[in-house]
Each structure stands twice: as C-alpha cells, then as structure tokens.
Amino acid sequence: DAKTTQPPSMDCAEGRAANLPCNHSTISGNEYVYWYRQIHSQGPQYIIHGLKNNETNEMASLIITEDRKSSTLILPHATLRDTAVYYCIVRVPQGGKLIFGQGTELSVKP
Amino acid sequence: GAVVSQHPSRVICKSGTSVKIECRSLDFQATTMFWYRQFPKQSLMLMATSNEGSKATYEQGVEKDKFLINHASLTLSTLTVTSAHPEDSSFYICSARDRISHEVGLFFGSGTQLSVL
C-alpha cells in the first residue's frame, strides 16, 4: 500500500484559501488519490479524488504533480465549518479498501 | 450523493452483553462494506471488509469471533460486538462502495459511539 505523509495540523484564516499538502512518493500507476474529511464525532466525508489530472468540484480542487508523488487539496474560500481532519489516501488496488493515515487537522479561524 | 445510514448513533451497554450495529446503503447497492473503529484523537482503523453473500475478511489482529459481521443483502451489513468489555468502547464507522460507480469512492455512515460499562 502506498503510504501518505501529511502535516499534523494547519491553520487558515476564514475566507482565505486552505492548501493542504500530501506526499505519496511510493504511489503506483493504477492508484488513485482520495481526499476525505472528518468533522468531530462524525463519519468521514468524501471530498474529491484523482488519478493524474487536476480535478475540481463544488467542494475543492485537487492538484496532482506530474510525477504523482504529491498532491494538494485546495479549499478556495475556507469557512469555519471547514474545520476538520483531512485525510489524503491512496487507494489499495486489491479490494479497494481505504487505509487512513493520521491526516491533517485544519483549524479555520475568524 | 449516496447515503449510508448507520444505527444506532450511540449505545451504552453493560459488560458481557452483545451489541449490534446496522449499516444500510439507502439509495444504492453495495456489494462491499467496510467496518472501521476509531479511538479518541486517533485515526480510523480498518477492522474488516464485508462482501454480500460471503464471509467477511478481517484485518490482522481483529478477532472475528468477537466482531461478527453479516452482509446478507446488497443494502445491509451488521456488526455485532459479542461479550463487550470496556476496552471495546470506541467509535465504530461503516462505509459502503457503490456497486455500479465504485470508482467514485466510499460513502460513510455517521458512526456509532459504543460505551461499555
């Protein structure tokens, strides 16, 4: 399984862009990068995923480097409700199960 | 988006009793469901993978006789914690993969907080 490395915590001012980095240097060619977030005492919420190309949806943008060894999740205009733990996960090919690392605790402050 | 319903959201039980947690996919069929547990301030730990109509696959170190998983239909999986003890107190979360659009990702239930007295 490709492992991911994320900073344990980050702060972001409300209304500013939050850029959450993730390293996955051992990712293999057929593995996707997924991002989830977990607000305290709730189940994780799917945000976005990608294989090679940059992706954007109504929640966030995902930038994947050309060598695919790292990625960045961008929340363009962070709000207080975006305070959560953000998990970057590389999907295990066999069975498709998601193995969670420690994630990044994002604190959005007024 | 796809909805996964998990019930109950919170349960308190006495030591030695069994507790059943249900996980339902409400608007899609899930051939595969996953069960996680999470201790305070820690990440989610995968316990087992359940496939509809077959036996669950447990992760290393998870006791299959203690954590019974049944996935009898394409929309329902259950986790039974047998003879619960205080150390089983944890946040249990299920997730389901859409049978048709499985590439999109997994959808998670809202979790069950189990407290064993």
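What you see is a predicted model, and the numbers here were worked out from it, not measured in a lab.

Visitor: Break down the nonpolar core for me, citing the residues and quoting the values.
Guide: The nonpolar side chains of a soluble globular protein tend to be buried, and buried together. Core analysis: the biggest nonpolar cluster contains 25 residues, and B:Val4, B:Trp35, B:Phe67, B:Leu79, B:Tyr92 and B:Leu114 have the highest contact counts within it. B:Leu79 has contacts with B:Val19, B:Lys20, B:Ile21, B:Trp35, B:Phe67, B:Leu68, B:Ile69 and B:Tyr92, leaving out every residue within four places of it along the chain. Residues A:Ile27, A:Leu75, A:Ala84 and A:Val90 belong to the second largest nonpolar core, which totals 21 residues.

Visitor: If you had to explain the environment of A:Arg37 to someone new, which residues and values would you point to?
Guide: Residues and elements named next belong to chain A. Within the fold, arginine 37 resides in strand E3 (residues 33–38). Sequence-wise, arginine 37 and arginine 81 are 44 residues apart; in three dimensions their C-alpha atoms are separated by 11 Å. Discounting chain neighbours no more than four positions away, the residues touching arginine 37 are Gly43, Pro44, Gln45, Ile47, Met59, Arg81, Asp82, Ala84, Val85 and Tyr86. Separated by 2.8 Å, the side chains of arginine 37 and aspartate 82 make a polar contact.

Visitor: Account for the interface of chain B and chain A, with residues named and values stated.
Guide: Interfaces are frequently sized by the accessible area removed from exposure as the parts join. Listed per partner, the contact involves 20 residues of chain B and 20 residues of chain A. Each partner contributes to the roughly 1,500 Å² buried at the junction of chain B and chain A, and carbon and sulfur atoms together form 49% of this total. For the pair chain B and chain A, the number of links is three residue pairs in polar contact (both at pLDDT 80 or more). Counting only elements with at least two residues in the side of chain B that touches chain A, the list comes to strand E4 (30–38), strand E5 (45–51), strand E9 (90–98) and strand E10 (106–108) of chain B. Class assignment for the residues of the side of chain B that touches chain A results in nine nonpolar, eight polar and three charged.

Rules behind the numbers
Residues numbered from 1 in each chain as written. Chains lettered and ligands numbered in written order. Predicted model: local features only at pLDDT ≥ 70, side-chain atom pairs only at ≥ 80, totals over all residues. Heavy atoms only, no water. Core = buried A, V, L, I, M, F, W, Y, C linked by side-chain atoms within 4.5 Å. Buried < 20%, exposed > 50% of the residue type's maximum accessible area, 1.4 Å probe, protein only. Contact = heavy atoms within 4.5 Å. Helix = DSSP H or I, 4+ residues; strand = E, 2+ residues; numbered from the N terminus. Polar contact = N/O pair within 3.5 Å; in protein donor to acceptor, adjacent residues only side chain to side chain. Buried area = accessible area lost by both parts, 1.4 Å probe. Nonpolar A, V, L, I, M, F, W, Y, C, P; charged D, E, K, R; others polar.

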